[in-house]
Amino acid sequence: MSAKSTIEWTDSTWNPVRGCTKISPGCKHCYAETFAERFRGVPGHPYEQGFDLRLIPEKLAEPLRWGTPKTVFVNSMSDLFHEDVPDRYVEQVARVMQMANWHTYQVLTKRSERLRTMLATKLSFVADARHIWWGTSVEDKKHGVPRIIDLRQAPAAVRFLSVEPLLEDLGEVDLTGIHWVIVGGESGARARPMDEAWVKSVRRQCNAAKVPFFFKQWGGVRKSEAGRELDGRTYNDMPSRASHPVPTRTKRFTMITEVASWANGSPVLEVWGAMGLPPQASHL
Ligand code: SF4
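Bear in mind the structure is a predicted one, so any value in this text is a computation, not a measurement.

A short note on the overall build of the protein chain
A tally of helices and strands in the protein chain yields nine helices and nine strands. For the protein chain, the C-alpha radius of gyration of 19 Å lies close to 19 Å, the compact-globule estimate for 284 residues. Principal-axis analysis of the C-alpha atoms gives the protein chain an extent of 60 × 40 × 35 Å. Here the protein chain, with 284 residues, has 50% of them falling under the buried criterion. Long-range contacts, defined here as pairs at least 24 residues apart, represent 72% of the contacts in the protein chain between residues at least 6 apart. Averaged over its 38 positive side-chain charges, the protein chain has a centre that lies 3 Å from the centre of its 32 negative ones.

Looking at the site of the ligand
As a matter of local geometry, the ligand sits amid C20, T21, K22, C27, C30, S78, D79, K110 and R111. Judged by the fraction of its atoms near the pocket grid, the ligand is located in the largest pocket. When its residues are assigned to classes, the shell around the ligand shows three nonpolar, two polar and four charged.

Side note on helix α8 (residues 249-262)
Compared with the 20 Å implied by 1.5 Å per residue over 14 residues, the 20 Å span of α8 between its first and last C-alpha is a close match. Among all positions in α8, only R252, F253, M255, I256, T257, V259 and A260 are buried.

Considering the confidence of the model for the protein chain
A residue-level look at the protein chain finds 91% of positions with pLDDT of 70 or above and a mean pLDDT of 92. The low-confidence segment residues 266-273, where pLDDT is below 50, has 16 contacts with residues more than four positions distant or belonging to other chains. Overall, residues 277-284 carries pLDDT values under 50, and its contacts beyond four positions in sequence, including any with other chains, amount to 13 contacts.

Quick look at the pairing of strand β6 (residues 132-137)
Across the six residues that make up β6, a large majority, six, are buried. Taking every second residue as pointing to the same face, both faces of β6 are buried, with I132, W134 and T136 on one and W133, G135 and S137 on the other. Across five bridges, the pairing between strand β5 (residues 104-109) and β6 is parallel. Bridge assignment links L108 to a residue of β6, and that residue is G135. Each parallel crossover has a hand, and the one from β5 via helix α4 (residues 112-120) to β6 is right-handed. The pairing of β6 with strand β7 (residues 158-163) spans five bridges and is parallel.

A look at the packing of helix α3 (residues 87-99) against α8
Between α3 and α8, the shortest axis-to-axis distance is 11 Å and the interhelical angle comes to 180 degrees. Overall, the two elements α3 and α8 adopt an arrangement that is roughly antiparallel. Between α3 and α8, the residues in contact are Q92, R95, V96 and M99 and M255, E258, V259 and W262, respectively. Class assignment of the residues belonging to the contact of α3 with α8 gives a composition of five nonpolar, one polar and two charged.

Considerations on the side chain of E186
As for its position among the elements, E186 is in the loop between β8 (180-184) and α6 (196-209). Residue classification places E186 among the buried residues on the basis of a relative accessible area of 7%. A polar atom in the side chain of E186 sits 3.3 Å from the side chain of H29. Discounting chain neighbours no more than four positions away, the residues touching E186 are H29, P165, A191, R192, Q217, W218, G219 and G220.

Thoughts on the layout of surface pockets
The space that makes up the largest pocket amounts to roughly 1100 Å³. Lining the largest pocket are 45 residues, with H29, C30, Y31, A32 and K216 sitting closest to its centre. It is helix α1 (residues 31-37) that provides the largest number of residues to the lining of the largest pocket, a total of three residues. Partitioning the lining of the largest pocket into residue classes produces 16 nonpolar, 18 polar and 11 charged.

Here we look at unusual backbone geometry
In this structure, P165 follows E164 across a cis peptide bond, with omega equal to -5 degrees. Structurally, the position occupied by P165 is in the loop between β7 and β8. Phi at N75 is positive, roughly 60 degrees, even though this residue is not glycine. Along the chain, N75 falls in the loop between β4 (71-74) and α3. Since its relative accessible area comes to 1%, N75 is described here as buried. Positive phi, close to 55 degrees, is recorded for K210, a residue that is not glycine. Among the secondary structure elements, K210 is positioned in the loop between α6 and β9 (213-217). Classification of K210 as exposed rests on a relative accessible area of 75%.

Parameters and conventions
Residues numbered from 1 in each chain as written. Predicted model: local features only at pLDDT ≥ 70, side-chain atom pairs only at ≥ 80, totals over all residues. Heavy atoms only, no water. Helix = DSSP H or I, 4+ residues; strand = E, 2+ residues; numbered from the N terminus. Rg over C-alpha atoms; globule rule 2.2 N^0.38 Å. Buried < 20%, exposed > 50% of the residue type's maximum accessible area, 1.4 Å probe, protein only. Contact = heavy atoms within 4.5 Å. Lys, Arg positive; Asp, Glu negative; His and termini not counted. Charge placed at Lys NZ, Arg CZ, Asp CG, Glu CD. Near = heavy atom within 4 Å. 1 Å grid on protein atoms, 1.4 Å probe; cavity = no way out; pocket = protein on both sides within 12 Å on 5 of 7 lines; lining within 4 Å. Sits in = over half its atoms within 2 Å of the grid points. Nonpolar A, V, L, I, M, F, W, Y, C, P; charged D, E, K, R; others polar. Expected span 1.5 Å × (residues − 1). pLDDT = per-residue confidence, 0-100. Pairing = 2+ DSSP bridges. Right-handed = clockwise from strand over helix to strand, strands pointing away. Axes fitted to C-alpha atoms, helices over the stretch in contact; angles between N-to-C directions. Parallel < 35°, antiparallel > 145°, perpendicular 65-115°, else oblique. Polar contact = N/O pair within 3.5 Å; in protein donor to acceptor, adjacent residues only side chain to side chain. Points joined across faces, edges and corners; volume = space filled by probe spheres on them.

In structure tokens, the structure reads:
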């Protein structure tokens, strides 16, 4: 996937993991699976192995290459907290987010128990970071709502909910400790319908709890026609972003080479090229 994203609530995507497995009803029409499987068996394509889960260590340093601050959706094509992603790799992804702190990261998972456990232990070094937003998906009462409890218990500075695809009325939800809520309906040929009353219930609860509310889309078979207005207006509220200066290219290159060393020799010369720096300028 390219770095630039068409997802309404982010600028860019970063996929140091590719592929996933389904875990709950929200996964039924997973767009990432549909996209990835289209390229299974295509030699040389990033998704040659379809939606099979694999680590992509050569992608780890990517945010360090981006010299302009972005909002980055982490693993739009996977789930960072999938059980087959080793703790050590999750830690490395978090280290990069800690280093490249001029971006804002949105980490969204359906494996909220592991998110909670790791933020309290091996990821505690980023728990206070305001430029990393940790979120969980909430599609229904049975599978989604219990994830909110895990997320609230996670010692994160910024927590968010992606209520998408919203599959039923969630009823009254405890939004204590939640800093942002996104709501959206499913899109695509087999999209499951979303009732307006379900959306308004979440909006009402966000208003009451003073939680920023973002309405992403109605979805449906013709997503662009259905649009994203609710009661004649759009809702684009978000938490405020932390601001950190962008280091010089030389400093960024030093960080990139450190990350490359974790990955057992990512191609450093390619990194030079990506940053537009001549090899003879190397200070290493
Ligand atoms: S957790 Fe996300 S990426 Fe994984 S199968 Fe479900 S919807 Fe797709």
